[in-house]
Amino acid sequence: MNKLILKLRSFFYLLPNITEALFSKPETIAYPAVSHRPSESYRGSVRIIAENCVGCGLCVRDCPAAALSLEKVSKGCFRLDHYRDRCTSCGQCEMSCKFNSIYLDNLYKEASADRVDFFEVLVDKTKKK
Amino acid sequence: MSKITVPIGPQHPLLKEPLSFLVSLEGEKVIDSTLRLGYVHRGIEKLAEQRTYIQNAYLIERICGICSHIHSTTYCQSVEALLKLEVPKRGLYIRMLLCELERIHSHLLWLGVLAKNIGLNTLFMYAWRDREIVLNIMEEISGGRVSHAVNIIGGVRVDLNEKHLSLLQKSLQELNMRVDEILQSIENDRSFRARTRNIGCLSLEDIKRYCVVGPVARASGLDIDIRRDAPYAAYDELSFEVPLMTEGDVWARSILRILETIQAIRLCTQIIHNLPKGPVSVSAPRRVPAGEVVSRAEAPRGEVFYYVRSDGSQNPARLKVRTPTLTTLITLPGQLKNMQLADVSAVIAGVDLCIACGDR
Amino acid sequence: MNQFYLFFRIFIFPGFLFLLVIALFLHWLDRKLIARFQGRVGPPWYQPVADLVKLFAKEDILPSGTNLFFAALLPLTSFASVLTASFYLPIAIQSAPSFQGDFIVLMFLLSIPSLLYFLAGWITGGVYSVIGGNRALLQYFSYEVLFLLAMSGTAIASGSWSLADIRLAQIKEGPYIFPQIAGFLLSLAGLIGKLKREPYDIPKAKSEVIAGALTEFSGKKLALWYLTIHLQTMVGLSFLIHCYFSGFWQMNTISGFFIFLLLLIILQGVLSAISAIYARLRIDQLIHLNWHIFIPIALLHNIFILLI
């Protein structure tokens, strides 16, 4: 009997599925009218805790996309730049940092029409105190 | 009757990635076809020689978006073999978990693309809706839906806690139900069968002549699977079956891939139940001693093959990648003899091309 | 006063604007239903209008060597023929006096756009357009015949080729849907083949020929082609409702109009469901299905109606 029903259903197999889908909540959201929050562990933009950064350059050495650059004037006097348009949010800088200074948060909405917005000075310790 | 050449050209709604495929038709019947690659060649093998081993792990991931984790697994395996490192068991299990999750996601993506190409948009949407479950798991574990960045030389860099494990268990149960339903739909729906039965047949002799690997070979009767024949990353501690079919047409490949998905879900369940305790990685030195090594793994599309040669510095001297798509691409003109133009879309979708893998 | 009334009836109601509003509404319903069947949210209610406005703003460019006069004439002629077809069809409001044979005239006017679709593929040249046009012509030869044969069942049963007589016969004997359910299903299949919807959308299969005969069109011409398709859907469905469901309502009343609209919505829902559950058929499978299965059933059905 089951085989007969299956044979009959094979002519329009997906009909029960589409009626079930019609009366349930849709799986997509009407973005951007409805906002979307990524999970906590999502790898988004690079952020810094400037007090902890000593300018060792481990993150710069290990970045696969050359998105970080360090300009050293003298010991303790440096500037760390970040090129957001080259960054791939891989998280290697967070892993390489031994001083818990650079980390990734889960923000991802960063569109801009101006190239200038993608260059960021993360740490500026060039002025002598 | 006159001959027409239809360019399934670099840009076409049929293809996910650019590929130049010129099909010569007489009426609706295909007579001849020529293939041309190279539109997505990025020179990754040359770029890898200019970066350190640590940076290469991220570069290698970007060879392909769908099978990114397998590429980085094979790369890390080969460098660990050169360094003679022993990765802790927990790290190997997490690597395997993500490999199998990626297999599930790749097969569901492929099913959606095949269904879209033959006009069954509903199955496309259903398969990709189920794929969202897998992508959400991967986002929770690794931080990225498609680019995971989990492998480092010496192990993995993420760990699974209780929250991840319970999420995994719940999601895998739901996924099991949905994939079973998808299997029933493919096996029984008449319009799907009408478009994929006896299309693009490859016999066992063709498979052996062109050295085809992966689900395309298994659908024609060749029983090879690197996870079982040459186990890597603790696959010898898990039990799974390798499905095999003999018809060799697009329909057999569909059924086979969904059966593989069910086996992958089974493997994931075993992994999360038998997860050993301990560290997930060991620290690796930056300089790799001189030597050469060959490493293989089972990507969703077949056997992926890496050759790494190092000369004692921080950068590799040569990195060679052979992806499974290259073997299946060569069979395309042979599959299309005496097919109609409408079957070209089913055949191209049926071999699951990943041109970015093929071009590197 | 008389001229203002005529202008109102031709352009506003039940003329051009009214038909356009209902056709776009049916198109939106189709897209929304298919989206919900697939588990998606679907487009908002103003989407078809937004699409048309966008198309009117686009650049109108054709390959060099195209006969520009005919490239502009074809979409206009197909649009005009579908509008003329709607002129003869009573959409719950009697608009034009019916005459003997207007059934056939309506059928002919509804089939002109398919022929012009094929010609559009030929004049723009290019591999995709020509292949799409050829497939459309092959489908036209098969499914127009099926549509005519299946719908003729109602004309035979009522004994005349005039739309008003078909309606009067249904008011006397009851709607034709119940004794002629097979004919209704076959004419629905024929309508899907005429409209080139899934599963018969091989002439404009996106994964093989990109957009079929309309690949090279853009801008206002493409907007007119899309309007033709929307209007053809609506007029085809109204034709089906008139021939099979006419006994259910009174002409020229508000309640009749709403029942008609409800039937339109239900039939559009059936069309969307059929589009969602089937894969696209190959051209030889289509022809085989038509000539080996559908047409014999339609012939037997008509003979059966004749004998009873």
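Residues numbered from 1 in each chain as written. Chains lettered and ligands numbered in written order. Predicted model: local features only at pLDDT ≥ 70, side-chain atom pairs only at ≥ 80, totals over all residues.

A separate point is the overall build of chain B. Scanning chain B from terminus to terminus reveals 15 helices and 8 strands. What you see for chain B is a C-alpha radius of gyration of 21 Å, in line with the 21 Å of a compact globule of 360 residues. Dimensions of chain B, computed from C-alpha atoms along their principal axes, come out at roughly 70 × 45 × 35 Å. For chain B, contacts bridging at least 24 residues in sequence account for 72% of all contacts bridging at least 6. (Helix = DSSP H or I, 4+ residues; strand = E, 2+ residues; numbered from the N terminus. Rg over C-alpha atoms; globule rule 2.2 N^0.38 Å. Contact = placed C-beta atoms within 7 Å.)

The subject of this paragraph is the overall build of chain A. The helix and strand tally for chain A stands at 4 helices and 5 strands. Its helices and strands taken in sequence order, chain A reads α-α-β-α-β-β-α-β-β from the N to the C terminus. Computed over the C-alpha atoms, the radius of gyration of chain A is 25 Å, more than 25% above the 14 Å expected from 2.2 N^0.38 for a compact globule of 129 residues. Its C-alpha atoms give chain A principal-axis dimensions of roughly 85 × 30 × 20 Å. Taking as baseline every contact in chain A between residues at least 6 positions apart, the subset at least 24 positions apart corresponds to 71%.

How big an interface is tends to be stated in terms of the accessible area lost upon association of its parts. At the junction of the two partners, chain C supplies 22 residues and chain B supplies 24 residues. Those elements that place two or more of their residues in the side of chain C that touches chain B are helix 9 (206-209), helix 11 (254-277) and helix 12 (283-307) of chain C.

All names here are of chain C. Along the chain, Glu59 turns up in the loop between helix 3 (47-56) and helix 4 (68-88). On the basis of neighbour counts, which here come to 6 C-beta atoms within 10 Å, the residue Glu59 falls in the exposed class. Counting along the chain gives 29 residues from Glu59 to Asp30, while the straight-line C-alpha distance between them is 28 Å. The residues contacting Glu59, other than those within four sequence positions of it, are Ser218 and Gly219. (Buried ≥ 20, exposed ≤ 12 C-beta atoms within 10 Å, placed from the backbone.)

Right, let's get into the interface of chain A and chain C. Facing the 10 residues of chain A at the interface are 9 residues of chain C. Residues that form the side of chain A that touches chain C fall into these classes: 8 nonpolar, 1 polar and 1 charged. (Nonpolar A, V, L, I, M, F, W, Y, C, P; charged D, E, K, R; others polar.)

Taking 1.5 Å of rise per residue, the 22 residues of helix 5 (residues 121-142) of chain B would be expected to cover 32 Å, and the 31 Å separating its terminal C-alpha atoms lies within 8% of that figure. Backbone geometry just downstream of helix 5 of chain B places Gly143 of chain B in the positive-phi region, at approximately 100 degrees. (Expected span 1.5 Å × (residues − 1).)

With that settled, consider the pairing of strand 3 (residues 29-36) of chain B. Pairing between strand 2 (residues 20-26) of chain B and strand 3 of chain B: 7 bridges, direction antiparallel. Its bridge partner being in strand 3 of chain B, Leu22 of chain B is matched across the sheet by Thr34 of chain B. (Pairing = 2+ DSSP bridges.)

Residue and element names in this part refer to chain B. Reading across from one edge, 6-7-8 is the order of the 3 strands in this open sheet, with antiparallel pairing throughout. Two strands bound the open sheet, and with one partner strand each, they are strand 6 (291-299) and strand 8 (318-322). Direction aside, neighbouring strands of the sheet carry axes that sit 15 degrees apart on average. When strand 7 (residues 302-310) meets strand 8, the two strands line up antiparallel, connected through 5 bridges. Residue pairing for strand 8: Tyr306 is matched across the bridge by Val321. Helix 3 (residues 68-83) rests against strand 6 and strand 7 of the sheet, and its axis sits at about 150 degrees to strand 6. (Axes fitted to C-alpha atoms, helices over the stretch in contact; angles between N-to-C directions.)

Residue and element names in this part refer to chain A. In this model, Ala66 sits at a positive phi of 55 degrees, which is unusual for a non-glycine residue. Its place among the elements puts Ala66 in the loop between helix 3 (58-62) and strand 2 (68-74). In this structure, Ser89 takes a positive phi of about 55 degrees despite not being glycine. For Ser89, the position within the fold is in the loop between strand 3 (77-83) and helix 4 (92-96).

Before going further, it helps to spend a moment on the packing of helix 4 of chain C against helix 5 (residues 102-124) of chain C. All names here are of chain C. Following both chains from N to C, one finds helix 4 and helix 5 inclined at 165 degrees, their axes separated by 9 Å at the closest point. Classified by the angle their axes make, helix 4 and helix 5 are roughly antiparallel. In this structure, helix 4 crosses over helix 5, and the sense of that crossing is left-handed. Residues Phe70, Ala71, Leu74, Thr77, Ser78, Ser81, Val82, Thr84, Ala85 and Tyr88 of helix 4 lie in contact with helix 5, whose contacting residues are Asp102, Val105, Leu106, Leu109, Leu110, Ile112, Pro113, Leu116, Leu119, Ala120, Ile123 and Thr124. Residues of the contact of helix 4 with helix 5, tallied by class, amount to 16 nonpolar, 5 polar and 1 charged. (Parallel < 35°, antiparallel > 145°, perpendicular 65-115°, else oblique. Left-handed = near helix turned anticlockwise from the far one by under 90°.)

Let us now look at the environment of Lys125 of chain A. Residues and elements named next belong to chain A. Here Lys125 is to be found in the segment after strand 5 (119-124). With 86 residues separating them along the chain, Lys125 and Ser39 place their C-alpha atoms 33 Å apart. Contact partners of Lys125, with chain neighbours within four places excluded, come to Gly76, Cys77 and Phe78.

With 205 residues, the main nonpolar core has Val79, Ala127, Val344 and Val347 of chain B together with Leu146 of chain C as its most contacted residues. If sequence neighbours within four positions are ignored, Leu146 of chain C has contacts with Leu186, Ala189, Gly190, Gly193, Asn290, Phe294, Ile295 and Ala298 of chain C. One finds Cys63, Ala67, Cys93 and Val123 of chain A within the second-largest nonpolar core, a separate group that totals 10 residues. (Core = buried A, V, L, I, M, F, W, Y, C linked by C-beta atoms within 7 Å.)

All names here are of chain A. Taken together, the 3 strands give an open sheet; going across it, the order is 2-3-5, and neighbouring strands pair in antiparallel fashion. In this open sheet, the two strands that pair with only one neighbour each are strand 2 and strand 5. For this sheet, the mean angle separating the axes of adjacent strands, direction not counted, is 20 degrees. Here strand 3 runs beside strand 5; their pairing, made up of 5 bridges, is antiparallel.

Moving on to the packing of helix 8 (residues 181-195) of chain C against helix 12 of chain C. Residues and elements named next belong to chain C. At a minimum axis distance of 10 Å, the contact between helix 8 and helix 12 shows a crossing angle of 145 degrees. Classified by chirality, the crossing of helix 12 by helix 8 is left-handed. Of the residues in helix 12, those in contact with Ala182, Gly183, Leu186 and Ala189 of helix 8 are Phe294, Ile297, Ala298 and His301. In terms of residue class, the contact of helix 8 with helix 12 is built from 6 nonpolar, 2 polar and no charged.

Residue and element names in this part refer to chain B. Model confidence for chain B is summarised by a mean pLDDT of 88, while 100% of its residues fall at 70 or above. Looking across chain B, the model is least confident in helix 15 (residues 355-359), with a mean pLDDT of 83, and most confident in helix 11 (residues 250-273), with 92. The ipTM value of the predicted complex is 0.88, and its pTM value is 0.90. (pLDDT = per-residue confidence, 0-100.)

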